[in-house]
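Here's the letter readout for the chains.
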Amino acid sequence: MKPVFEFRDVSFKYPNCEEKFALQDFNVSIPAGEKIAVVGRNGSGKSTFFLHCNGLYRPWSGEVRYRGQPLAYHRAALRQLRQQVGLIFQNPDEQLFNASVFQDIGFGPLNLGLSKEEAKRRVHHAAEACGIAYLLERPTHALSGGEKARVALAGVLAMQPEVLVADEPLNSLDPWAQLAIFDIFQRFYDEGKTILMATHNLSIVRYWATYVIVLEAGRAVFCGTPRELLTNRDVLDSTGLSRVWWKVDLDYPSEQKSRDEQ
Amino acid sequence: MDFIDSYAYSNHLRKVEPVFKAGLAGSILILCLLLNSPFVGLAAVLWMAGLAVWLASIPPKVFGGILLAEFGFFLLATGGIAVSITLTSPVAIHPWRLHIGPVWFSTAPQLLRQALLVISRVMGCVAAMNFLALTTPMTDLFRLAQQMRMPDTLIDLMTLMYRYIFVLFETMERMLKAQQGRLGYATFKSGITSAGLLATRLFLDAYRRSQQLQIALEARGYESGNLRLLTDSYGADYRLLWLGLAAVASLLLVWMMG
């Protein structure tokens, strides 16, 4: 399988935090057409990694390749890359900049240089696919969290990307809203496209993902299938994931009783 | 503010081309300012209330309530025109006078007439603006401004500000609740401190959000320059056009008769 992204010895520091590498000698090869879970504690470099995929951050050293080609950072190349790679943020309020749902979804397509008619068609199509056609007339600030998340997703899907990169998109969504997002992701995956999703959830890694990347302190410490990760005692123990994912099983191996029952 | 906004998005004139609504409100406003007869303002209020209620299905209570609140406000302001308060005996042209202790209250018919003219003029203008605010969402007004060749940068700023007012307001409410939950406003002194901290945090939060916004916009293909905004097309409403022309004609008629 040809990789969609390759990171080769990528290092990156934030300008306001010179002493620490956000990514350090980061090497990873991301297979195309998979559902990829990206696991790692806060500050391990997940968001930095994702922002590199879209060309928003440029590595200090090393290189990023998209479909075999090193990323170019001039305007035309970035426009093409950003059409191909859609980025979804943790908090939809960060992405939704317009009080009109219709205009917000139409923003990306217009930036691609599409005609107004084509952009409108894309908006309706994306809204249909995300089940939010009934929201197009509503103002953004009157939407619930789950609705905002789906509008943000529609705004990215309207650009018809090949890869979706989602930074903990399920945070602060209730399970019903999470299901709606999963349904949209699944249809995207069924078209043969690639999804990267940051998550901390064992069930998602085990049952949703087809490939897992584990980050720690700016490095990729594991790449492989969920089965390989869950049978790799060394990685699970050294990253603390065994404790995180099975804490409840380990500490409370049997059913608990209420104080009355004891 | 919130409920005016929600009517703007849900009223029956929502899908009418904003230029019709703004044109009507604008011409009524200009007529109220130009024609100096107190009946013109009254007629304008009646027309605007009628159109908002019948065509846009704004509940009469809502339109009346907003108008009443504004009326109270302007009544205070025009009181100063109608009644003059002096410490010495008022001038001879003020035939109606009343003195309580050392203070003289006095007025004259022409002053009352002038106050009536001012308040009816103001109420007519305000009713026209209320009609526009209740029937047209902000985003449509921005689009109208764009069609009227307002500079794009200004429109981009308004678009972003209008959206982020609500985000900032939500953030403020959350922070305020968190502070109240930890007794931040239990005493006057702690209240002052908490309010100061809240303002600082809000400022920092707004700054952080502006940087995130830049990233989020670029991720969707924004290149420095202007925000490209997709506009929906709305229908013309000839009922509103004819009724609007009738309103304008009737204001002129009222002026000529009065």
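Residues numbered from 1 in each chain as written. Chains lettered and ligands numbered in written order. Predicted model: local features only at pLDDT ≥ 70, side-chain atom pairs only at ≥ 80, totals over all residues. Heavy atoms only, no water.

**Brief notes about the overall build of chain A**
- Along chain A, the regular secondary structure elements total 11 helices and 10 strands.
- Here the C-alpha atoms of chain A give a radius of gyration of 20 Å, agreeing with the 18 Å that 2.2 N^0.38 yields for 262 residues.
- Taken along the three principal axes of its C-alpha coordinates, chain A extends 65 × 55 × 40 Å.
- Among the 262 residues that make up chain A, the fraction classed as buried is 54%.
- The centroid of the 30 positive side-chain charges in chain A is displaced by 4 Å from the centroid of its 31 negative side-chain charges. (Helix = DSSP H or I, 4+ residues; strand = E, 2+ residues; numbered from the N terminus. Rg over C-alpha atoms; globule rule 2.2 N^0.38 Å. Buried < 20%, exposed > 50% of the residue type's maximum accessible area, 1.4 Å probe, protein only. Lys, Arg positive; Asp, Glu negative; His and termini not counted. Charge placed at Lys NZ, Arg CZ, Asp CG, Glu CD.)

**Here we look at the packing of helix H1 (residues 2-10) of chain B against helix H5 (residues 109-135) of chain B**
Residues and elements named next belong to chain B.
- At a minimum axis separation of 6 Å, H1 and H5 run at an interaxial angle of 70°. Compared by their axis directions, H1 and H5 come out roughly perpendicular. In this structure, H1 contributes Ile4, Tyr7 and Ala8 to the contact, and H5 contributes Ala133, Leu134 and Thr135.
- A breakdown of the residues in the contact of H1 with H5 according to their chemical character gives 5 nonpolar, 1 polar and no charged. (Axes fitted to C-alpha atoms, helices over the stretch in contact; angles between N-to-C directions. Parallel < 35°, antiparallel > 145°, perpendicular 65-115°, else oblique. Contact = heavy atoms within 4.5 Å. Nonpolar A, V, L, I, M, F, W, Y, C, P; charged D, E, K, R; others polar.)

**Remarks on the confidence of the model for chain B**
- Here chain B shows a mean pLDDT of 87. Residues at 70 or above account for 99%.
- Interface confidence in the predicted complex, given as ipTM, is 0.81; pTM for the same model is 0.83. (pLDDT = per-residue confidence, 0-100.)

**Some remarks on the interface of chain A and chain B**
- Tallying the contact residues gives 38 residues for chain A and 33 residues for chain B.
- For the pair chain A and chain B, the summed buried area comes to about 3400 Å², and 54% of that belongs to carbon and sulfur atoms.
- It is Phe97, Phe107 and His141 of chain A in chain A that bury the most area against chain B; as a group they hold 21% of the surface buried on that side.
- Counting across the interface, chain A meets chain B through 7 salt bridges.
- Salt-bridge contacts for Arg163 of chain B lead to Asp93 of chain A; the nearest nitrogen and oxygen are separated by 2.6 Å.
- The biggest single contributor to the side of chain A that touches chain B is helix H4 (residues 101-111) of chain A, with 8 residues.
- Here the side of chain A that touches chain B is composed, by residue class, of 16 nonpolar, 12 polar and 10 charged. (Buried area = accessible area lost by both parts, 1.4 Å probe. Salt bridge = Lys/Arg side-chain N within 4 Å of Asp/Glu carboxyl O.)

**Some details on the packing of helix H3 (residues 38-54) of chain B against H5 of chain B**
All names here are of chain B.
- At their nearest, the axes of H3 and H5 sit 7 Å apart, and the two run at 20° to each other. It follows from the interaxial angle that H3 and H5 lie roughly parallel. For the pair H3 and H5, the crossing hand works out as left-handed. Mapping the contact onto sequence places Pro38, Gly41, Leu42, Ala44, Val45, Met48, Leu51 and Ala52 in H3 and Leu116, Leu117, Ser120, Met123, Gly124, Ala127, Ala128 and Phe131 in H5.
- Split by residue class, the contact of H3 with H5 holds 13 nonpolar, 3 polar and no charged. (Left-handed = near helix turned anticlockwise from the far one by under 90°.)

**Observations regarding helix H2 (residues 18-34) of chain B**
- For H2 of chain B, with 17 residues, the first-to-last C-alpha span of 24 Å sits near the 24 Å given by 1.5 Å per residue.
- Looking at the buried positions of H2 of chain B, the neighbouring elements they touch are H3, H5, helix H6 (138-147) and helix H9 (238-257) of chain B. (Expected span 1.5 Å × (residues − 1).)

**Points about the environment of Ala154 of chain A**
Residue and element names in this part refer to chain A.
- With respect to the helices, strands and loops of the structure, Ala154 is situated in helix H6 (residues 145-157).
- Exposure remark for Ala154: the relative accessible area of 0% places this residue in the buried category.
- Separated by 26 residues in the primary sequence, Ala154 and Glu128 have C-alpha atoms spaced 8.8 Å apart.
- Every residue in contact with Ala154, bar those within four places of it in the chain, is listed here: Ile105, Ala126, Cys130 and Ile132.

**Details of the environment of Asn27 of chain A**
All names here are of chain A.
- Summarising the element assignment, Asn27 is placed in strand S2 (residues 17-31).
- Through-space distance from the C-alpha of Asn27 to that of Arg8 is 4.9 Å; in sequence the pair is 19 residues apart.
- Those residues in contact with Asn27 that sit more than four places away from it in its chain are Phe7, Arg8, Asp9 and Ala220.
- At a separation of 2.8 Å, a polar atom in the side chain of Asn27 contacts the main-chain amide nitrogen of Asp9. (Polar contact = N/O pair within 3.5 Å; in protein donor to acceptor, adjacent residues only side chain to side chain.)

**Brief notes about the packing of aromatic side chains**
All names here are of chain A.
- Evaluation of the coordinates by the stated rule reveals 18 aromatic pairs over all chains.
- With a centroid separation of 5.5 Å and an interplanar angle of 85°, the aromatic rings of Tyr14 and Tyr57 are classed as edge-to-face. With Tyr14 in strand S1 (residues 3-14) and Tyr57 in the loop between helix H1 (46-53) and strand S4 (61-66), this residue pair connects regions lying 43 residues apart in the sequence.
- Accessibility expressed as a relative area gives 25% for Tyr14, which makes it partly exposed.
- Under the relative-accessibility criterion, Tyr57 is labelled buried at 16%.
- When the centroid spacing of 5.1 Å and the interplanar angle of 45° are considered together, the rings of Phe26 and Phe49 count as tilted. One end of the pair, Phe26, is in strand S2; the other, Phe49, is in helix H1, and 23 residues separate them in sequence. (Phe/Tyr/Trp six-rings, centres within 6.5 Å; stacked < 30°, edge-to-face > 60°.)

**Quick word on the state of the cysteines**
- Applying the stated criterion across every chain yields a total of 0 disulfides over all chains.
- Residue Cys223 of chain A stays outside any disulfide, its sulfur separated by 12 Å from that of Cys53 of chain A, the closest cysteine.
- The structure places no disulfide on Cys32 of chain B, whose sulfur is separated from the nearest cysteine sulfur, that of Cys125 of chain B, by 4.8 Å. (Disulfide = S-S within 2.5 Å.)

**Brief notes about the domain arrangement of chain B**
All names here are of chain B.
- Here the domain parsing of chain B yields domain 1 (2-82 + 118-136 + 234-257) and domain 2 (144-224).
- Here domain 1 and domain 2 have C-alpha centroids that lie 32 Å from each other.
- Of the residues lining the interface, 7 residues belong to domain 1; the matching set on domain 2 comes to 4 residues.
- Here domain 1 packs against domain 2, burying approximately 350 Å² in sum over the two surfaces, 54% of which is carbon and sulfur.
- At the boundary of domain 1 and domain 2, one finds 0 salt bridges.
- Applying the counting rule to domain 1 against domain 2 returns 1 residue pair in polar contact (both at pLDDT 80 or more).
- Elements supplying a minimum of two residues to the side of domain 1 that touches domain 2: H1 and H2.
- In terms of residue class, the side of domain 1 that touches domain 2 is built from 4 nonpolar, no polar and 3 charged. (Domains from an automatic or database assignment.)

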